[in-house]
Structures are given as C-alpha cells and as structure tokens.
Amino acid sequence: ALKAAYSDLLSKERHPVVVLSLALPHEYVDVNVHPAKTEVRFQNLGAVRQLVVSGIREALYSGSHRTSTTIADEVTKAFMNSAPAQRPHYNPTMPPRSSHSAPTYAPSAGGESSYTPSRLREGQGASYAPPQPEMPRPQPTSDASSQQRFYQSDAEVGYLGHALAQLYKTYILAQKGDEVILVDQHAAHERLVYERFKHDLEEKGVKKQLLLVPEIIEVSDALKESILHNHSALSKIGFEVESFGVNSVAIKSVPVHLAGSDVKQLAQDVFDELLEEGESLSLQEKVHEICSTMACHGSVRAGQTLSLPEMNALLRNMEAQPFSGQCNHGRPTYVSLKKTEIEKFFGRR
C-alpha cells in the first residue's frame, strides 16, 4: 500500500518510511490469528488498502509543491561550505593592502625627487577613493516594449513566479517576490506529460496513431514472450504490437502524443520496462510504468531553447498540476532560494 501511494513520486531505490495508525470497528479485524499478536486479519483487506493509499496520496497532494524545499536547504549549505572561512572586510575609505607596496616618489620644491613613504603625508587627505569607471548610457531599443509584454507581475503568477531567462538551455530562471526559482525544464515537463497520459487513460483512453509502415524490431525470445503476454497493457496505452517472424515484432500504432518521436527507441524502452518488472506489478501499475517511460520521450528535452512565453506557460501548468514538485522518477523539478539566503553567499548577513 505504501509503495502504491508513493508510486511515481520516489525513485526506485528509495522507500517510504511512515508511522501508520489505523482505527476501525473491532468487528472488521481479527486479532487472534497469531499467538504473539504480531499479525491481524482484516475482513475487507482491499478496502483498508484503498483507504491507506488514498489517505497518503491526499496528504502528498496537499504539500506536493513544497517537496523541493529540502533540496534548496542542501544547495544553501553547499554554497556556504564552499565559501572562504574568513571574508575580508572591505572599507572603501582605505587603500587596498599589498605585501609589496611600491614607494612613491614626488618632486620636491627644488625640482629634485624625494622619497615619500606609502603612508599618506599629513595634509594630503586621509581618504582613498578608487577611480570610478564611466558607466555606459543605456541605449533605447526598439524591442523593449515587446520584452515587457512577456513579463508577468507577482500578482499574475503563482508560487513559481515569472520566467526571467533560460540557463544552459536546460534550466528556467524565475523570480517570485524575494525568491529566486530554478526549474529543470525536462523534469518539470515530464511530470506534466505523465499526468496527461494518466488522465487520458482514466477518461477516454490513449488515442492511437496508425503507422503507414509498421516498425519491425528484433527482440530476444524472453522479451518477445513478455511483449505478447502484456499485449492488453500495451494496447491500452496506444501500442498495437504483433508477432513478426521468429525473433521480431511489428509495431502498427503508437500513442498519438508521441507520433513524431523515434518509434524504435521508444518501443525498445517500453519493452525493456515490461521485461524488467515482470509479474511483480498489477496491470494498472504496469500501464503507469509504461506511461512514465513514454512521458520521458514526449517531454521538452535538456538543450532545447524555450522562449519566455513558453517558459511562463510551463510554470503556470506546473502550478496547476499536483505533484509537480518532482518528476515521475522522484527527482525534484525545481529549487528556490530566498533573498536572505543569497545575501549570505556574499557576506551581507
């Protein structure tokens, strides 16, 4: 029940740990099935399991967007640990200190050069003002107003703020009030696509796109047996697969959302997922695992350039989608840092 409740919210190598308290009428549970009372028997095990799953999912739903806060704390600690142990205090009224100060020579009244120590003479002033570089004047640009059209105020956005820029063609930099948010565009969109697949399954089923020419894929005997055994699960999520020869299968249709992707690679990943899970999962769980694999193929990739409107649209969709704080593999989709935390990096606090 715990694994089902946390499915697609934790990575496979991690396991939820909870303290679970169940209260139910005495007539619905038999406590005398074990001499040491270490086991009990429920009258309706399915109903109890469903209550556990739905209760945990409801709790996770209410706080899903806060799942990245612990990651942000780790980021802050990493920055602080890498900072110098002692930061020099900068005083703008003092000259920069150097272990090799050059002597200063000034012409005397008689025209001869006389030695002047590095310390300032009396009467020459007791302050040091470093030269200020001349700042370039801002030039008006014709597209300034067009950039403003894409800017969203804090009143128009949710907890992920408005997009400012894209970093490394992988991360979205956003701001909300006194917070800076960094979003992994692939992980975030992967969650959105995955939830869309699950919604389609529950509402109307995943639409299929017939291929003009079936894709023939060579597979091992074990993989082919797994594919044919799970034919109903594959058909439910848009794959029509038939046996083709001795060690091959023919893919006749794919999910319509993924019609433009690499069909062979997509099918191979889906088939490998089925073989890896074997009989350990129910049909529904298998379908969700396949949807997770397909979502990875159908989402925005790292290295893909996004415009400001596209980035803001992704942020708004994340805010409207439950469990958008992590992708379906359990990785965080965003981290946020408050202004006070950033100020610590620069010794302002």
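Our structure is the block above this text.
As the structure is a prediction and not an experimental result, all values here were calculated from the model. (Residues numbered from 1 in each chain as written. Predicted model: local features only at pLDDT ≥ 70, side-chain atom pairs only at ≥ 80, totals over all residues. Heavy atoms only, no water.)

So what exactly am I meant to see when it comes to unusual backbone geometry here?
Note: most residues except glycine have negative phi, and most peptide bonds are trans. Phi at Y168 is positive, roughly 55°, even though this residue is not glycine. Phi is positive for K169, close to 55°, though the residue is something other than glycine. Residue position: K169 is located in the loop between strand 5 (162–167) and strand 6 (171–176). (Helix = DSSP H or I, 4+ residues; strand = E, 2+ residues; numbered from the N terminus.)

What is the right way to look at the sheet that holds strand 9 (residues 240–243) in this model?
Think of a sheet as strands paired side by side through backbone hydrogen bonds, with each pair either parallel or antiparallel. Reading across from one edge, 8-10-9 is the order of the 3 strands in this open sheet, with antiparallel pairing throughout. Every interior strand has two partners, whereas the edge strands, strand 8 (208–218) and strand 9, have only one. If you compare each strand with its neighbour and ignore which way they point, the axes differ by 20° on average. Sheet topology note: the strand 8/strand 10 (residues 248–255) ladder contains 7 bridges and is antiparallel. Within the sheet, the bridge partner assigned to K208 lies in strand 10 and is P255. (Pairing = 2+ DSSP bridges. Axes fitted to C-alpha atoms, helices over the stretch in contact; angles between N-to-C directions.)

How should I be thinking about the packing of helix 5 (residues 185–203) against helix 10 (residues 308–320) in this particular structure?
Packed helices, taken two at a time, are described by the angle between their axes plus the distance between the axes. Taken N-terminus to C-terminus, the directions of helix 5 and helix 10 make an angle of 50°; their axes are 10 Å apart at the nearest point. As the angle between them shows, helix 5 and helix 10 are arranged oblique. Two packed elements cross with a definite hand, and for helix 5 against helix 10 that hand is left-handed. Across the interface between the two elements, Q185, A188, H189 and L192 of helix 5 pack against L314, N317 and M318 of helix 10. Along the lines of polarity and charge, the residues of the contact of helix 5 with helix 10 split into 4 nonpolar, 3 polar and no charged. (Parallel < 35°, antiparallel > 145°, perpendicular 65-115°, else oblique. Left-handed = near helix turned anticlockwise from the far one by under 90°. Contact = heavy atoms within 4.5 Å. Nonpolar A, V, L, I, M, F, W, Y, C, P; charged D, E, K, R; others polar.)

What is the right way to read the pattern of salt bridges from this model?
If charged atoms from side chains of opposite charge come close, those side chains can pair. Tallied over the full model, the rule gives 8 salt bridges. A salt bridge links D30 to R41; its shortest N-O distance comes to 4.0 Å. Separated by 11 residues along the polypeptide, D30 in strand 1 (residues 29–30) and R41 in strand 2 (residues 41–42) bring together distant segments of the chain. Between E195 and K198 there is a salt bridge; the shortest N-O distance is 3.5 Å. With E195 and K198 both in helix 5, this residue pair falls 3 residues apart, about one helical turn. When its relative accessible area of 8% is taken as the criterion, K198 is described as buried. Look at the salt bridges and you will find they share partners, linking R191, E195 and K198 into a network. (Salt bridge = Lys/Arg side-chain N within 4 Å of Asp/Glu carboxyl O. Buried < 20%, exposed > 50% of the residue type's maximum accessible area, 1.4 Å probe, protein only.)

It is not clear to me how a nonpolar patch on the surface should be interpreted in this structure. Could you clarify?
On the surface, V18, L20, L22, L24 and Y28 cluster together into a nonpolar patch covering about 410 Å² of accessible area. Mapping L20 onto the fold places it in the loop between helix 1 (2–5) and strand 1. With relative accessibility at 46%, the residue L20 sits in the partly exposed group. (Patch = residues over 30% accessible without salt bridge, like charges linked within 9 Å, V, L, I, M, F, W, Y side chains within 5 Å. Areas by Shrake-Rupley, 256 points an atom, 1.4 Å probe, with all protein chains shown as cover.)

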